[in-house]
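A structural walkthrough
The primary structure of each chain is shown beneath.
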Amino acid sequence: MSLDDKYTAQDGRVLISGIQALVRLTLEQRRLDDERGLDTRAFVSGYPGSPLAGVDLEMGRAATFLEPAGVVVKPGLNEELAATAVAGTQLLDQVPGRRHEGVTGFWYGKNPGLDRAADALRHANVAGTAPLGGAVAWIGDDPGCKSSTLPSSCEPMCQSLSMPLLAPGSVTEIIEFGLHAVALSRATGLWVGLKIVADIADASATVDLGPLRAGIPEPGRASRGPAPILLGPAALDAEHDMLTRRLDLARAYAREHGLNRVTAGAGNTTLGVLASGATYAVVERALADLGLDEAAMDAHGLRLIRIAMPFPLDPAELAELTSGLGRVLVVEDKVPFLEGHLKQALYGGAHVPEIAGRDLLTARGTLGADDVAKAIATCLGIEPPRRERRRGLLPVVAARTPYFCSGCPHNTSTRTADGTLVGVGIGCHAMIALDGHGRGTQVGITQMGGEGAQWIGLSPFTDDSHFVQNLGDGTYHHSGSLAIRAAVAAGGADDVQAALQRRGRHDRRAAARGAAGRARADAGAGP
């Protein structure tokens, strides 16, 4: 055995982390294409951010395996430009000097990066993907707001972009669903999202390599013609094709490959529990806490439904999955996305089950097994599990507030007078919000790249004359330089010029007073 087995082994079992599984995915796709005689390559670009903060670093460490396999990695300056670069891979068949049949593109970024890149992704998705290319977006989701300024859930944005979304619930499924994502993109001409939450990205697991490629269809080679220039009627035609034919192809792919399926209690059941991705694993833990094994689930008439592709959903398939049930509990973080689609799919049908979800489960943060166990117990009319205090545990001590690393320049560069108005920014220096001493009077925090622009809207309505904005060097290159240009364009340059002019007048007056004083001194008068 070797530490390199996670990337080099062709069969057997390997120990691998969630981030390493994404790297392995690119290698797995290339090897699969080579075995099928396809002359393809892969291209990876994006912008790091938790829970995908280590993707670019791990790609660099794995360069000795990626480069010989034909995987090109070029991190982007920001998420939008990285998405545009990945979209460029799907135009290969339009250039005369192409050296390969196709390039599979992979984009990565956290959910706020998905928002930022939305316009680029929307253009790319409407234009379409190549039959032997394909484009997959690795989306780092943070419903618990562990490492972001705001909690996030990527399903609504993917729906807005008409981008199919697959939701792995384990490290193994990152590779398995990732291969399906490429195949789905090639088959439909759509970009496909892969939702990665922190609990999966940060996890490690032993993965059986053998079954990973099972059921991955071979792509067709027929050309779809050149990508349309999205102007006027051509844009309307491409959008219509995306909203109808291509999304229907995605629904058919999910049905054909059993991505959404009943996993337990198919018949003689009255209560269904429907979940997707990592939340499905939470349901399994909740059932274990309730002491409901397979026999007990059958006795209670409980059916488990797993949704691997939360968008787009097939209404007819949802009706089949919930057929015969009297009640369905939809378990999902944040917004009632699946719950709304299920209600829409079953509306107007005969024998429609009662649908529960947000009325029993919190929208705050990430759902835990205790939350889900209580909801299932309520639906079944049984007692929820009681948590007994374990003996022998050490007493809980006060948590340590995060602070700057020893010697970090942010610790001193962010210190200001208490009366100074200060804007909090994205980066390590955001910790000034946790340490108010000597950090000025803090006024708000913006999204990445907006640092300082809030003063443009605030300054005309206050007598305060000065505002200090924290801006990291990474953010400056990502998008912060545009905020500085916006401040100048909004009048900052005039203010600076006026200040210089006032300083000039002050200097001239001081010089004049000095000359007059010297003249009076020469005449025997006081200064």
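Shown above is the structure to which this text applies.
Report follows, based on the coordinates. (Residues numbered from 1 in each chain as written. Predicted model: local features only at pLDDT ≥ 70, side-chain atom pairs only at ≥ 80, totals over all residues. Heavy atoms only, no water.)

Next up on the list: the packing of aromatic side chains. With the rule as written, the count across this model stands at 4 aromatic pairs. With centroids separated by 5.7 Å and ring planes inclined at 50°, the aromatic side chains of tyrosine 7 and phenylalanine 65 adopt a geometry described as tilted. Remark: phenylalanine 65 occurs in helix α4 (residues 63-66) and tyrosine 7 occurs in helix α1 (residues 5-8); sequence separation between them is 58 residues. (Phe/Tyr/Trp six-rings, centres within 6.5 Å; stacked < 30°, edge-to-face > 60°. Helix = DSSP H or I, 4+ residues; strand = E, 2+ residues; numbered from the N terminus.)

The final tally for this structure, using the stated rule, is 0 disulfides. No disulfide involves cysteine 158; its sulfur sits 4.5 Å from the nearest other cysteine sulfur, which is in cysteine 154. Sulfur of cysteine 405: no disulfide; nearest cysteine sulfur belongs to cysteine 408 and is 6.1 Å away. (Disulfide = S-S within 2.5 Å.)

Turning to the sheet that holds strand β9 (residues 260-264), a few remarks are in order. Pairing is mixed in the open sheet, where 5 strands are placed in the order β9-β11-β10-β12-β13. Edge positions in the sheet fall to β9 and β13 (354-356), since each of these pairs with one other strand and no more. For this sheet the average axis-to-axis angle between neighbouring strands, irrespective of direction, equals 25°. Bridging between strand β10 (residues 271-276) and strand β11 (residues 302-307) involves 6 bridges; their strand directions are parallel. Its bridge partner lying in β11, glycine 272 is registered against arginine 303. Across the sheet, helix α16 (residues 369-380) lies against β10 and β12 (327-331), angled at about 175° from β12, the strand it touches most. (Pairing = 2+ DSSP bridges. Axes fitted to C-alpha atoms, helices over the stretch in contact; angles between N-to-C directions. Contact = heavy atoms within 4.5 Å.)

For the rest of this paragraph, the subject is the side chain of aspartate 142. Following the sequence through the fold, aspartate 142 ends up in the loop between β5 (135-141) and α8 (155-160). For aspartate 142, the residues in contact, after removing those within four places along its chain, are Ser147, Ser148, Pro151 and Ser152.

For a regular strand, side-chain orientation follows a simple rule: the groups alternate between the two sheet faces. The element β5 is largely enclosed, with a buried count of 7 among its 7 residues. Here β5 shows no split at all, with Ala135, Ala137, Ile139 and Asp141 on one side and Val136, Trp138 and Gly140 on the other all buried. As defined by bridge partners, strand β4 (residues 102-110) adjoins β5 across 6 bridges and the pair is classed as parallel. Opposite tyrosine 108, over in β5, you have tryptophan 138 as the bridge partner. Bridge count between β5 and strand β7 (residues 192-197): 6 bridges; the pairing is parallel. Note on β7: the bridge partner recorded for glycine 140 is isoleucine 196. (Buried < 20%, exposed > 50% of the residue type's maximum accessible area, 1.4 Å probe, protein only.)

Where nonpolar side chains cluster on the molecular surface, the patch consists of Tyr476, Ile484 and Val488 and spans about 250 Å² of accessible area. In this fold, isoleucine 484 is placed in helix α19 (residues 473-522). (Patch = residues over 30% accessible without salt bridge, like charges linked within 9 Å, V, L, I, M, F, W, Y side chains within 5 Å. Areas by Shrake-Rupley, 256 points an atom, 1.4 Å probe, with all protein chains shown as cover. Salt bridge = Lys/Arg side-chain N within 4 Å of Asp/Glu carboxyl O.)

Note on placement: glycine 169 falls in the loop between β6 (165-166) and α9 (171-188). In this structure glycine 169 comes out as buried when scored by relative accessible area, which is 14%. Separated by 139 residues in the primary sequence, glycine 169 and alanine 308 have C-alpha atoms spaced 8.5 Å apart. If near-sequence neighbours (up to four positions away) are discounted, glycine 169 is found in contact with Ile200, Gly277, Ala278, Ala281 and Arg306.

The subject of this paragraph is the side chain of arginine 30. By secondary structure assignment, the location of arginine 30 is in helix α2 (residues 18-35). Residue class for arginine 30 comes out buried when judged on its relative accessible area of 4%. Filtering out sequence-adjacent residues up to four positions away, arginine 30 remains in contact with Thr40, Arg41, Ala42, Ala69, Gly70 and Val71.

The next thing to look at is the nonpolar core. Ranked by internal contacts, the top residues of the largest apolar core, which has 70 residues, are Trp138 and Leu194. Ranked by residue count, the leading element in this core is α9, at 9 residues. When near neighbours in sequence (up to four residues on either side) are disregarded, leucine 194 contacts Leu22, Leu25, Val136, Ala137, Trp138, Ile139, Leu165, Leu166, Pro168, Ile174, Phe177 and Gly178. Tyr280, Val282, Leu292 and Cys379 belong to the second-largest nonpolar core, a separate cluster that totals 27 residues. (Core = buried A, V, L, I, M, F, W, Y, C linked by side-chain atoms within 4.5 Å.)

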